[in-house]
Amino acid sequence: MVGDRAKPPTEFLSTRYKAMGQRELVELGWKEEDFTREQSGRRNRGRIFGTNHGASTVEQLFDFLKGAGLNQVDCLWKQGTEAVICGEKESAQRRMAP
């Protein structure tokens, strides 16, 4: 099971998800300077820890898992750019069971 950010399949959805996330944070009391500080910290974390690897769409993550030998893949939960994806490798013995 993988929990990761999933890249929206279109720029329209990318813009929409970003606006939804910002609206939720404003409702929690965030101010403009909080957004600026968070974006700066996010850029620095990527440079320091090498975690700024970009993201894949859910479909690309499915293809990656299938390429790794998992033949049962599904998205269990997705909200905006956050996703939980699972995969299972079905054994030959299991495939033969009724």
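Rules used in this analysis
The numbering scheme is per chain: residues are counted from 1 as the chain's sequence reads. At least 70 in pLDDT is required for a residue's local features to be given in this predicted model, at least 80 for side-chain atom pairs to be given and counted, and no such filter applies to totals for whole chains, interfaces and linings, which use all residues. Think of the side-chain values as coming from all heavy atoms in the structure, minus any hydrogens and water. Segments assigned H or I by DSSP are reported as helices when at least four residues long, segments assigned E as strands when at least two residues long, and all are numbered from the N terminus. Relative accessibility thresholds used throughout: buried, under 20% of the residue-type maximum; exposed, over 50%; partly exposed, between the two (1.4 Å probe, protein chains only). Residues count as neighbours in contact if any of their non-hydrogen atoms are within 4.5 Å of one another. One bridge is not enough; two strands pair if DSSP finds at least two bridges between them. Here a polar contact is taken to be a pair of N or O atoms separated by no more than 3.5 Å, where protein atoms must pair a possible hydrogen donor with a possible acceptor and residues adjacent in sequence count only if both atoms sit in side chains. Between the first and last residue of a helix there are one fewer steps than residues, each counted as 1.5 Å, and that sum is the expected span. What we call a nonpolar core is a set of buried Ala, Val, Leu, Ile, Met, Phe, Trp, Tyr and Cys residues that are connected through their side-chain atoms within 4.5 Å. Put simply, a salt bridge is a Lys or Arg side-chain nitrogen that is within 4 Å of an Asp or Glu carboxyl oxygen.

1. Here we look at the environment of lysine 89
Consideration 1: By the element assignment, lysine 89 lies in the loop between β3 (82-88) and α4 (92-96).
Consideration 2: A relative accessible area of 59% places lysine 89 in the exposed class.
Consideration 3: When residues no more than four places from it in sequence are discounted, the contact partners of lysine 89 are Gly69, Leu70 and Asn71.

2. Examining the pairing of β3
Consideration 1: Note that strand β2 (residues 72-79) and β3 share seven bridges and pair antiparallel. Within the sheet, the bridge partner assigned to aspartate 74 lies in β3 and is cysteine 86.
Consideration 2: Linking β2 back to β3 in an antiparallel pair, the connection comprises two residues, with glycine 80 at a positive phi of about 60 degrees.

3. Points about the environment of arginine 37
Consideration 1: Examined against the element boundaries, arginine 37 turns out to sit in helix α2 (residues 32-49).
Consideration 2: A polar side-chain atom of arginine 37 sits 2.5 Å from a polar atom in the side chain of aspartate 34.

4. Digging into helix α1 (residues 11-27)
Consideration 1: In this model α1 runs 24 Å from its N-terminal to its C-terminal C-alpha over 17 residues, within 8% of the 24 Å that 1.5 Å per residue would give.
Consideration 2: With its phi angle positive at about 105 degrees, glycine 29 sits one or two positions after the end of α1.

5. Observations regarding the nonpolar core
Side chains of nonpolar character tend, in soluble globular proteins, to be buried together.
Consideration 1: Formed by Ala6, Val58, Leu61, Phe62, Leu65, Leu70, Val73, Ala83 and Ile85, the largest nonpolar core amounts to nine residues.
Consideration 2: Those elements that place two or more of their residues in this core are α3 (58-67) and β3.
Consideration 3: With four residues, the single largest contributor to this core is α3.

6. Quick word on the side chain of threonine 57
Consideration 1: Within the element layout of this structure, threonine 57 appears in the loop between α2 and α3.
Consideration 2: Setting aside its immediate chain neighbours within four residues, threonine 57 contacts Lys7, Pro8 and Pro9.

7. As for the pattern of salt bridges
Side-chain pairs of opposite charge can arise where the charged atoms are in close proximity.
Consideration 1: Following the criterion strictly, the structure yields one salt bridge and no others.
Consideration 2: For arginine 37, the salt bridge is made with aspartate 34, and the minimal N-O distance between the two is 2.5 Å. Separated by three residues within a single helix, arginine 37 and aspartate 34 lie in helix α2, roughly one turn from each other.
Consideration 3: Given the relative accessible area of 54%, arginine 37 is considered exposed.

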